[in-house]
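Examination of the molecular architecture
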Amino acid sequence: MKTSATGGNDEILTAAQMQALEKQAMASGMVTGIALMERAGEGVLQAISRQWPDVLAAPGRACILCGPGNNGGDGYVIARLLQGQGWAVTVVALGATDRLPPDAQTNHDRWTARGEVMPWPEAASAMEGADLVIDAVFGIGLTRPLSPAVARVMDQVPRKARRVSVDVPSGILADGQTLTRDAAFPAELAVTFHCRKPVHVALADSGMAVAIADIGL
Ligand SMILES: NC(=O)C1=CN([C@@H]2O[C@H](COP(=O)(O)OP(=O)(O)OC[C@H]3O[C@@H](n4cnc5c(N)ncnc54)[C@H](OP(=O)(O)O)[C@@H]3O)[C@@H](O)[C@H]2O)[C@H](O)CC1
Ligand SMILES: [K+]
């Protein structure tokens, strides 16, 4: 699997086009959702190593914010992988965790066999002192502005941590209309899958780095 600044893929797909591509790949039997999710999690860690070679070299403390969909599912994969590399991992879940989409539920359950999940109101304390905060709250499925309880946490993300968004910084629609930029997760790096979405182009000169992980689509 390769990750790079452009991933060698200069295509730009909308959220709908990306969802159609994933659906088609899964319907064709070429790949399963659970395999895509595992590759996505692995791709995020590879992109972090490219961006900051030292960060993953020495295990530290990571806080993973997981949302109610498959973006959250990616977060549970990342939690498990980081813990396997010796990191102290805290996971915080937004919403119920007993009715996630199937692939996310599988990865949530794999995580809870080895670690805790804190409720959203404890997000601020869970992020305190973290070396790495991963935003796996919303990806291309965001459909409306963040609720105040979620927007507040975005303001509380410790700026001294390395801050990485899975796919799209939560709070921003993948298709580029910035819902509430100020309430969005303050990502230094967004790791997206297969190709960039319009939001990655729109944020190009915001100082946020973008990496593309190839998930075999
Ligand atoms: N499809 C795959 O196999 C892969 C997907 N990847 C990752 O998945 C996300 C897209 O996942 P999806 O579940 O479609 O969407 P999200 O996780 O981004 O969020 C959807 C859920 O969030 C709810 N939602 C939306 N907006 C809000 C909001 N403002 N406040 C609260 N909740 C919100 C939404 O609920 P609805 O009420 O709108 O139904 C959903 O429950 C993609 O970004 C990738 O990270 C894998 O990476 C590859 C395989
Ligand atoms: K995200």
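This text goes with the structure placed above it.
Residues numbered from 1 in each chain as written. Chains lettered and ligands numbered in written order. Predicted model: local features only at pLDDT ≥ 70, side-chain atom pairs only at ≥ 80, totals over all residues. Heavy atoms only, no water.

To continue, consider the nonpolar core. Inside soluble globular proteins, nonpolar side chains tend to come together where they are buried. Counting residues in hydrophobic clusters, the biggest one holds 40 residues, and the most contacted among them are Ile48, Ile64, Leu82, Leu132 and Val164. Apart from the residues within four sequence positions on either side, leucine 82 is in contact with Leu45, Leu56, Ala62, Ile64, Trp87, Val89 and Leu132. The next biggest cluster of nonpolar side chains, apart from the first, holds 37 residues, and it includes Leu13, Val92, Ala126 and Val150. (Core = buried A, V, L, I, M, F, W, Y, C linked by side-chain atoms within 4.5 Å. Buried < 20%, exposed > 50% of the residue type's maximum accessible area, 1.4 Å probe, protein only. Contact = heavy atoms within 4.5 Å.)

Moving on: the pattern of salt bridges. Where charged atoms of side chains with opposite charge meet at close range, the side chains can pair. Counted according to the given criterion, the structure contains 6 salt bridges. For the salt bridge of glutamate 38 with arginine 80, the shortest nitrogen-to-oxygen distance reads 2.8 Å. You can see glutamate 38 sitting in helix 2 (residues 33-51) and its partner arginine 80 sitting in helix 3 (residues 70-84), a full 42 residues away along the chain. Glutamate 38 sits in the buried class, given a relative accessible area of 17%. Between arginine 110 and glutamate 38 there is a salt bridge, with its nearest N and O atoms 3.9 Å apart. With a gap of 72 residues between them, arginine 110 in helix 4 (residues 102-112) and glutamate 38 in helix 2 connect regions that are remote in the sequence. Here the salt bridges do not stand alone but share partners, grouping Glu38, Arg80 and Arg110 into one network. (Salt bridge = Lys/Arg side-chain N within 4 Å of Asp/Glu carboxyl O. Helix = DSSP H or I, 4+ residues; strand = E, 2+ residues; numbered from the N terminus.)

Protein coordination of the potassium ion (ligand 2) is provided by Asn71 (OD1), Asp135 (O), Phe138 (O), Val166 (O), Val168 (O) and Ser170 (OG), with donor distances spanning 2.6 to 3.2 Å. Written as a sequence motif, the donor residues of the potassium ion (ligand 2) are N-x63-D-x2-F-x27-V-x1-V-x1-S. (Donors = N, O, S within 2.8 Å, 3.2 Å for Na, K, Ca; no water.)

Mapped onto the secondary structure, threonine 192 falls in strand 7 (residues 189-193). When the C-alpha positions of threonine 192 and serine 28 are compared, they lie 23 Å apart, and in sequence the two are 164 residues distant. In contact with threonine 192, other than residues within four places in its own chain, are Asp167, Lys197, His200, Val210, Ala211, Ile212 and Ala213.

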